[in-house]
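Examination of the molecular architecture
As a plain string of letters, each chain reads:
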Amino acid sequence: MNNKLIFCFTYAGGTAQFYDPIGKCLEKKNMEVVKLEYSGHGKRYKEPLLVTFEETAEDLYQIILKDYGDGLKAASCKYALMGYSMGSIAAIEVLKLILRRKEILEPVHIFLGAHEPKTKDRILNVPENEMNEYVKKRTVDFGGIPEKLLNNQSFWRMYLPLYRADYLMIAGYNFENLTFKTEIPATIFYSETDTKLEDMKHWKDYFLKECEFIPYAGKHFFINEHYREMATVIESRLENL
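Residues numbered from 1 in each chain as written. Predicted model: local features only at pLDDT ≥ 70, side-chain atom pairs only at ≥ 80, totals over all residues. Heavy atoms only, no water.

As a further point, take the environment of His41. Considering the arrangement of structural elements, one finds His41 in the loop between strand E2 (32–35) and helix H2 (53–68). Overall, the relative accessible area of 1% leaves His41 in the buried class. Linking His41 and Gly14, residues 27 residues apart in sequence, is a C-alpha distance of 7.1 Å. Separated by 3.0 Å, the side chain of His41 and the backbone oxygen of Ser39 make a polar contact. Side chain to side chain, His41 and Asp166 meet in a polar contact 2.8 Å long. (Helix = DSSP H or I, 4+ residues; strand = E, 2+ residues; numbered from the N terminus. Buried < 20%, exposed > 50% of the residue type's maximum accessible area, 1.4 Å probe, protein only. Polar contact = N/O pair within 3.5 Å; in protein donor to acceptor, adjacent residues only side chain to side chain.)

What follows is about the pattern of salt bridges. Following the criterion strictly, the structure yields eleven salt bridges and no others. Lys35 is the salt-bridge partner of Asp20, the closest N and O atoms lying 2.5 Å from each other. Here Asp20 is found in helix H1 (residues 20–27), whereas its partner Lys35 is found in strand E2, with 15 residues between them in sequence. Given the relative accessible area of 23%, Asp20 is considered partly exposed. Among the ionic contacts, a cluster of salt bridges with common partners joins Arg44, Glu47 and Asp59. (Salt bridge = Lys/Arg side-chain N within 4 Å of Asp/Glu carboxyl O.)

All right, on to unusual backbone geometry then. Of note in this structure, Lys102 is not a glycine but carries a positive phi near 55°. Within the fold, Lys102 resides in the loop between helix H3 (86–101) and strand E4 (109–113). With relative accessibility at 64%, the residue Lys102 sits in the exposed group. We note that Ala114 has phi near 60°; this positive angle belongs to a residue other than glycine. Mapped onto the elements, Ala114 comes out in the loop between E4 and helix H4 (131–142).

We now examine the sheet that holds strand E5 (residues 186–190). Spatially, the six strands line up as an open sheet ordered E2-E1-E3-E4-E5-E6, and their pairing is parallel. Lying at the two open borders of the sheet, with one neighbouring strand each, are E2 and strand E6 (211–215). Direction aside, the axes of adjacent strands within the sheet are offset by 20° on average. As judged from the six bridges shared by strand E1 (residues 4–9) and strand E3 (residues 78–84), these two strands associate in the parallel manner. When the sheet's bridge partners are listed, Ile6 is paired in E3 with Ala80. Packed on one face of the sheet, H1 meets E1, E2 and E3 and runs near 155° to E2. Strands E1, E3, E4, E5 and E6 of the sheet are contacted by helix H7 (residues 223–238), whose axis makes an angle of about 155° with E3. (Pairing = 2+ DSSP bridges. Axes fitted to C-alpha atoms, helices over the stretch in contact; angles between N-to-C directions. Contact = heavy atoms within 4.5 Å.)

A few words now on the nonpolar core. A general feature of soluble globular proteins is that nonpolar side chains tend to end up buried together. Core analysis: the biggest nonpolar cluster contains 85 residues, and Ile6, Phe7, Phe9, Met82, Phe189, Trp203 and Phe207 have the highest contact counts within it. Sorting elements by how many residues they give to this core places H3 first, with ten residues. (Core = buried A, V, L, I, M, F, W, Y, C linked by side-chain atoms within 4.5 Å.)

A separate point is H3. Here H3 spans 23 Å end to end across 16 residues, near enough to the 22 Å set by a 1.5 Å rise per residue. With respect to burial, H3 is a largely interior element, 13 of its 16 residues being buried. (Expected span 1.5 Å × (residues − 1).)

A separate point is the packing of H4 against helix H5 (residues 153–171). For the pair H4 and H5, the least separation of the axes is 10 Å and the interaxial angle reads 90°. Compared by their axis directions, H4 and H5 come out roughly perpendicular. Across the interface between the two elements, Met131, Asn132, Val135, Lys136, Arg138, Thr139, Val140 and Phe142 of H4 pack against Gln153, Trp156, Leu160, Tyr163, Arg164, Tyr167 and Leu168 of H5. Tallied by class, the residues present in the contact of H4 with H5 amount to nine nonpolar, three polar and three charged. (Parallel < 35°, antiparallel > 145°, perpendicular 65-115°, else oblique. Nonpolar A, V, L, I, M, F, W, Y, C, P; charged D, E, K, R; others polar.)

Function cannot be read off these values alone, since they describe shape.
As structure tokens, then:
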């Protein structure tokens with residue numbers, strides 16, 4: 001097992017392959033990107049979709065523990081957590097389990113991107129008969145769907161249930177109930193076009209010691225254009241640990 005690991009949590013409706021580009025950049029630096037798959041997504045498509053972050057975090061935590069637990073008990077193994085969009089919440093919830101259960105060492109760094117610590121429950125007010133169209137529009141507006149798939153009915157039949165389930169999971173997450181705090185250093189990636197810095201800065205309420213904010217140009221999926229720069233930042237934060 002590599003002695004520098006980054007456990008990565010993907011966006012709503014996404015699969016673990018989302019992190020392939022950044023993973024290829026970091027493997028050249030002897031850092032392993034562990035691309036975690038949500039239940040019901042990607043290679044785990046036959047498994048049930050989960051409806052709360054508590055369930056999701058427990059599921060992913062158990063995967064980390066089963067596949068990497070022995071190594072993560074050794075001081076020689078340094079690891080980080082990285083969440084993008086919805087994955088930021090998943091990463092926080094897994095971090096809470098790590099800190100509470102103390103079965104493995106703490107991560108040395110947390111990387112979060114494209115999600116401010118703010119409750120987003122608007123979808124809960126959407127009528128059921130308008131839900132699918134709302135989810136489609138929201139997904140397209142985020143810019144995560146290739147143009148050739150916008151009107152592809154087969155694509156939407158397969159992925160609309162994933163987006164819908166994940167958006168509802170996000171809507172059910174109340175940041176006002178998040179009392180977690182840590183001195184683990186954090187790096188926050190964001191785009192001012194996507195999320196204002198003044199909103200992103202509230203991550204400092206949870207990361208008390210070191211919380212750095214790094215801006216990029218672009219919409220919600222700015223990582224697609226800037227993964228090389230982001231990989232360089234990740235490397236710089238972990239290389240001397």
